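# Coordinate analysis (summary)
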Amino acid sequence: MAKKAFQTEIKQLLDLMIHSLYSNKEIFLRELISNASDALDKLNHLNLSDEAYKTIDFQPKIIINFDKDKKTLKIEDNGIGMNEEDLNNNLGTIAKSGTKSFLENLTGDKKKDSNLIGQFGVGFYSSFMVAEKVIVNTKKALDSKAYTWISNGDGEYEILESSKDNHGTEITLYLKDDAQEYCNKWSIEDIIKRYSNHIQFPIFLQYTEEKKEEGKEEVTKEEKEEQINKAKALWTISKSELKKEDYEDFFTTLSYDKEKPISYIHTHAEGKLQYKSLFYIPSTPPFDMNRMDYKSHVKLYVKRVFITDDDKELLPVYLRFIHGIIDSDDLPLNVSREILQENKILEQIKKASVSKILSMIESIAKDEEKYVSFYSKYGSILKEGLYSDYENKEKLLNLIRVYSKDACKNISLKEYKDSMKEGQKGIFYAIGKDLETLKNNPVLEKFKDYDVLLFIDEVDNFIVPSIGEFSGTKLLDIFSKEANEDIKNEISQEQTKEFEILIESFKAIEGVNEVTLSNNLTSPLALTSDGMQNSYMEQIMRQMGQEMPEPKKNIEININHELIQKINKASKELQEKYSKILFDGAKILEGQNLKDSKSYVDSINEILLKSL
């Protein structure tokens, strides 16, 4: 059969594997064992749930052997196997590999990038970090034909019809001269115990043991086969039998992440529902956490039989950073995706799992330093639950942290409420695109006697207005009329009359609604709005392509400011010009973009010219 070219992205990946990602080469074995385990999972499920496959005498295992003289290493499984189409799809194209995503997420740090390999499902290609040639001989279960896939990693591959006695896949690596260490029993055993000890299928290492009897020159050779891994699903083991190190090692197997998890929680539920679950919070956020097409990191098993790792219904979207396992004793083995989405048993497990995960996060919150680290990575994602998970709203409200104007750090809503002034009618807050912009907003000056919570995550624009209250106390936007009702602002009729013309000048500006006088500001003026929608929210909606009418602004003029007092004495014509400049400047402080920035700059230039 003629040779075929890899897709462009695969060629790029192979080049990286061969020439760049050499700092952690040993992970190739972890990846190939992981792929073999996946193949066994698939056949194990079919063998128990599909009549056609029940005829197979299935005793799942992975076998590894090596030949020092030939410089070869073989990894063999008796899993589902592949046909010609599978070989093309899985080993020749981007369709199944996630290669494009992998390439997009490369950091340039060779160690970090090599650790990304497993997360993107491109592990097979890591073979070329150690091999100058790779041969894959495979036969799909229930098929009569076998096929061999061959490549030197040079941009092309070949698929030939071949023969194989049993179903499954055998991968032969022809090792490079600088990779001879992987033809060594101790090296292989060490890698398996570090990376693959908790693979639930037995991994056997075949090797030749040489013995020399005392007093004799003759060396005898004995062929041996030894199981290297524990081959027991860790989540099924009693918690009392496991150590912290066991959980951390399993997390590496599960997530391909070498960093220790922030926390984990292991549950054995017995009663009306029988299931086991094990959930982790990773130290490094999943690469696709902020993408709409994120991948679920929770695997579903039924009676220790793998069902799926691609079902986003297992946990709510706001917990998409969680890695873990759910293993139910009550679901049927032949459960379909459609059944899963409507299954009452799974819904109850999901509900209990969310409760357990939130309890785990509550435990982290008791350690302030640890929680600061957790919240910096996952706080904005966790807040999404306030919009979608009403049942756990109170728990989530207790878990969120917001920057306090007075404390100059993130605090909880409870901390804010506990320190509220007597008679204060609500929890004051503001939403903006960043702290600096919010801190410089003149409206904040009016609340100098009160603490204000500053929300700066993009998601806050959608979430915070919907919260309503915390423990019976209203959340009040400082730009709203209700929040400003208790702010003292005593203006006499004489003062109103004195600034009458200036008030009219501001009212004449397009986009202005109401104009009032103030004596509790330090800036010349401040902008507020009658609507619930803040300026930053308006910008986000426009960036999303939604046409939005610009809501009219209310203006508060600081009658004590020297600039306002001088403008008030100027001619009506100058008052109109200066009021427009001040209004545009206030919008810039809010983080808005001006529609006519040229007119604004021209006006500033004109004033500068007159002053020189």
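Residues numbered from 1 in each chain as written. Predicted model: local features only at pLDDT ≥ 70, side-chain atom pairs only at ≥ 80, totals over all residues. Heavy atoms only, no water.

This part is about the overall build of the protein. Within the protein one finds 22 helices and 23 strands. The contacts in the protein between residues at least 6 apart in sequence include a share of 71% that link residues at least 24 apart. Working note: accessible area of the protein is about 30500 Å², and carbon and sulfur atoms make up 46% of it. (Helix = DSSP H or I, 4+ residues; strand = E, 2+ residues; numbered from the N terminus. Contact = heavy atoms within 4.5 Å. Areas by Shrake-Rupley, 256 points an atom, 1.4 Å probe, with all protein chains shown as cover.)

Before going further, it helps to spend a moment on the nonpolar core. Judged by nonpolar contacts, the single largest core of 73 residues is most densely connected at Ile281 and Phe374. Here Phe374 is in contact with Ile262, Ile281, Phe321, Ile361, Ile364, Gly379 and Leu382, once residues within four sequence places are set aside. (Core = buried A, V, L, I, M, F, W, Y, C linked by side-chain atoms within 4.5 Å. Buried < 20%, exposed > 50% of the residue type's maximum accessible area, 1.4 Å probe, protein only.)

Counted under the stated rule, the structure contains 35 salt bridges. A salt bridge links Glu556 to Lys446; the shortest N-O distance between them is 2.5 Å. Within this pair, whereas Glu556 is found in strand β23 (residues 553–558), its partner Lys446 is found in the loop between α14 (435–439) and β18 (453–455), the two being separated by 110 residues in sequence. Judged by its relative accessible area of 6%, Lys446 is buried. With a closest N to O distance of 2.8 Å, Lys474 and Glu482 form a salt bridge. Residue classification places Lys474 among the partly exposed residues on the basis of a relative accessible area of 41%. Residue class for Glu482 comes out partly exposed when judged on its relative accessible area of 30%. Within this structure, Lys185, Glu189, Lys193 and Glu226 form a network of salt bridges that share partners. (Salt bridge = Lys/Arg side-chain N within 4 Å of Asp/Glu carboxyl O.)

As a further point, take the layout of surface pockets. One number sums up the size of the second largest pocket: a volume of about 1100 Å³. Lining the second largest pocket we find 43 residues, and of these Gly379, Ser380, Ile381, Lys383 and Asp457 sit closest to its centre. Looking at the lining of the second largest pocket, the elements with two or more residues in it are α10 (368–382), α11 (385–388), β15 (401–404), β16 (410–412), β18 and α15 (460–467). Per element, the largest residue contribution to the lining of the second largest pocket is nine residues, and it comes from α10. (1 Å grid on protein atoms, 1.4 Å probe; cavity = no way out; pocket = protein on both sides within 12 Å on 5 of 7 lines; lining within 4 Å. Points joined across faces, edges and corners; volume = space filled by probe spheres on them.)

Our focus in this paragraph is the side chain of Asn83. Here Asn83 shows up in the loop between β3 (72–77) and α3 (84–91). For Asn83, a relative accessible area of 18% puts it in the buried group. A polar contact is formed between the side chain of Asn83 and the backbone nitrogen of Asp86, at a distance of 2.8 Å. For Asn83, the residues in contact, after removing those within four places along its chain, are Lys140, Asp143 and Tyr147. (Polar contact = N/O pair within 3.5 Å; in protein donor to acceptor, adjacent residues only side chain to side chain.)

Turning to the sheet that holds β16, a few remarks are in order. Spatial strand order, β16-β15-β18-β17-β20-β19: six strands in an open sheet with mixed pairing. The open sheet terminates on both sides in strands that have one partner only, identified here as β16 and β19 (469–470). Looking at chain direction, β15 and β18 are connected through two bridges and run antiparallel. Bridge assignment links Tyr403 to a residue of β18, and that residue is Leu454. α15 rests against β17 (427–431), β18, β19 and β20 (473–477) of the sheet, and its axis sits at about 160 degrees to β17. (Pairing = 2+ DSSP bridges. Axes fitted to C-alpha atoms, helices over the stretch in contact; angles between N-to-C directions.)

Geometric descriptors of this kind do not, in isolation, establish any biological role.
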